[in-house]
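Tertiary structure, described
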Amino acid sequence: MSETKELLEVRGLKMHFPYGGGLFGGQKGKIYAVDGVDFAIVRGETLGIVGESGCGKSTTARAIAQLYKPTAGEVLLEGRDLTKLRPQELIAARQNMQMVFQDPYASLNPRMTAGDIIAEPLRIYQRRGILSMSRAETEERVELLMERVGLSRFFKNRYPHEFSGGQRQRIGIARALALRPALMLCDEPVSALDVSIQAQILNLFKDLQEEFGLTYLFIAHDLAVIQYISTRVAVMYLGIVVEISGSAELYRKPLHPYTQALLSAAPIPDPVIEKARRRIILTGDVPSPDKVRTGCYFYDRCNKRMDKCAKSLPRLQDAGDGHQVACFLYHEPD
Amino acid sequence: MTDEVILRVKDLRTYFSTDEGIVKAVDGVSFELRKGETLGIVGESGSGKSVTNLSIINMIPSPPGKIAGGEILFMGEDLLKMPAKDIRRIRGNKISMIFQDPMTSLNPFLRISSQMTETIVLHQGLDKQAAKAKAIEMLRLAGIPAPEKRIDQYPHQFSGGMRQRVMIAMSLSCNPEILIADEPTSALDVTIQAQILDLMKDLTARLGTAVILITHSLGVVAGMCDTLCVMYAGRVVERGATEALFAAPMHPYTQGLIKSVPRLDVAATGERLSSIRGQPPNVIDLPDCCPFYPRCDKAMEVCRRKYPPSVDFGASGGPVAKGHTASCWLYSEAK
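The following paragraphs examine the structure supplied in this document. (Residues numbered from 1 in each chain as written. Chains lettered and ligands numbered in written order. Predicted model: local features only at pLDDT ≥ 70, side-chain atom pairs only at ≥ 80, totals over all residues.)

Residue and element names in this part refer to chain B. The terminal C-alpha atoms of helix α4 (residues 112-124), which comprises 13 residues, lie 18 Å apart, in line with the 18 Å expected from a rise of 1.5 Å per residue. Residues Ile112, Gln115, Met116, Thr117, Ile120 and His123 constitute the buried set of α4. Lining the buried residues of α4 we find α5 (128-141), α6 (147-150) and α7 (160-172). Remark: Gly125 follows α4 within two positions and exhibits a positive phi of approximately 70°. (Helix = DSSP H or I, 4+ residues; strand = E, 2+ residues; numbered from the N terminus. Expected span 1.5 Å × (residues − 1). Buried ≥ 20, exposed ≤ 12 C-beta atoms within 10 Å, placed from the backbone. Contact = placed C-beta atoms within 7 Å.)

With that out of the way, let us pick up the interface of chain B and chain A. Taken together, the contacts link 39 residues of chain B with 39 residues of chain A. Elements with a minimum of two residues in the side of chain B that touches chain A: α8 (190-207), α9 (218-224), α10 (242-247) and α11 (252-260) of chain B. A class-by-class count of the residues in the side of chain B that touches chain A yields 17 nonpolar, 15 polar and 7 charged. (Nonpolar A, V, L, I, M, F, W, Y, C, P; charged D, E, K, R; others polar.)

Take the packing of α5(B) against α7(B) next. Residue and element names in this part refer to chain B. Running from N to C, α5 and α7 point in directions that differ by 130°, and their axes come no closer than 9 Å. Classified by the interaxial angle, the pair formed by α5 and α7 is oblique. Considering how the two elements wind past one another, α5 and α7 form a crossing that is right-handed. When α5 is examined against α7, the residues Met138, Leu139 and Leu141 are found in contact with a partner set consisting of Val166, Ala169 and Leu172. Among the residues forming the contact of α5 with α7, the class breakdown is 6 nonpolar, no polar and no charged. (Axes fitted to C-alpha atoms, helices over the stretch in contact; angles between N-to-C directions. Parallel < 35°, antiparallel > 145°, perpendicular 65-115°, else oblique. Left-handed = near helix turned anticlockwise from the far one by under 90°.)

Residues and elements named next belong to chain A. Interhelical geometry of helix α3 (residues 114-127) versus helix α5 (residues 165-177) gives an angle of 30° and a closest axis separation of 7 Å. By the angle class used here, α3 and α5 are roughly parallel. For α3 against α5, the interelement crossing comes out right-handed. Between α3, through Ala114, Ile117, Ile118, Glu120 and Pro121, and α5, the contact on the second element is made entirely by Ile171, Ala174 and Arg175.

As structure tokens, this is what we get:
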């Protein structure tokens, strides 16, 4: 274990995707999927990332895992910059960082049994000589993992199609746990599940965190899910973080107009409250992240916009109590 | 909302035959819809909520599907006994629908204008010019900016939220009595969902359209619906006015469902969510028992033998509103 308190630190992360091109055409432009993101995750906490489709939350997770090569920025895992590691070193470092994906149907190989899926990370690291485990130890680890995530060990030889959505997500979680990582990157792990199953899986995430001291980066578009699971929350819009704060603080006192609109738009399962509520209804859609913006990214849809918002981009600044917000309502342009 | 019942579904059964056996997707569903009412049907995947509504408009693919029994009375006429050409006069005209994914329900090769005017010309007997004017008017009502220009565009030129607005404009263009909305906002982001729900509520209230809203989201029904049906494994397990049902859910499944949703307005206390254990049942060859008993904390011996009758709580007076019914042995005398 290293000395740093921050398990993961992301500095100035940018991920731009060129589009157009093809065989003869020139590059037409870029999608600024992630456009300068900074945050840190302390050991044992859960950082939730919320935002609408296209805000760059999944791309952020993938760029952290080095599934994409970031355009710019640093990703420090236990103080080591993953973007600068050689391939062999990166594989070793990734042992400490595993992913759980959204779609439990697409993220499991249909031709492998549950047991093989969970054992695969172990076998890969054994083959590369990073991990040494006997065959019996591997089998035992797989069985323990299955039981830990709530699957019977007798299901080891079954194929993914024999499981329900919730059970498949449990297989995905067991696979991510196999290498005993410190950090789990969870990309919308409960969005595809039914309500009653979603609660089971959220509880499982919490239990595993307590038991193994896991740290989560947890992505979801459901604000209530994020509130339940997170210690801190980052709100993303068009590839940048517009607000980041402790979870309780953010939900009690959202500062950014976008966060306020998001919270007000999310339905509450209570007819008495819901029918009396007044919503902030945003106009328009999320714009496409395909151009360089000089002003605030939220300018077009903001109900509190001012002239200065069109001219310069607000940066994340401290607003007290560990609450950071990127909005000129709370600080002046430099 | 008035007391005039415009749609009465009685003991509807829709079965699918598969290689593994008979799937009873809908197995004895009954409900009424009043003029101008918004009825929510909630349930998890596979509970039969979509199949119920596809049955109403007679769009069950057959084979393998088959409506095995029941009645669907629309303004007194049984839709199940009606010849196909008469149904066609009702579908899209008196009863219209919008689906979850606005991209797959619009034809990508046709301009919005041709898709919208087709229904108007067919059902309202307007000429092309008048139909286009009507379509533009509907698009404007649905909040699409510059509708006279947008109407000549193709579906891919619209965003997801805008496409759903087009679908709403299209489905309401013939002034239907009933709008069936099957997960209309599930593919949309929260801020867009709020816009679309707002629009649906506003337009249907203005036009006096009754709505059947199918969704898995308890938050959406809480804000939108007058009455609710909770479905589980092809049956309606609980029915009642939205406020009463949320205030005093009677069926253990409804209780579990409401408790298992994390709530925005309740600060996280670090406590575990209460969840419903186990998995939703496989509806193939389901025995005639309560389908919820393997997951139910209050299961009794009788629950695994017989399906419980529906109990009306309104009859006994008390705090629960009239017409609040649940199918559970906990409340039934006759065992």
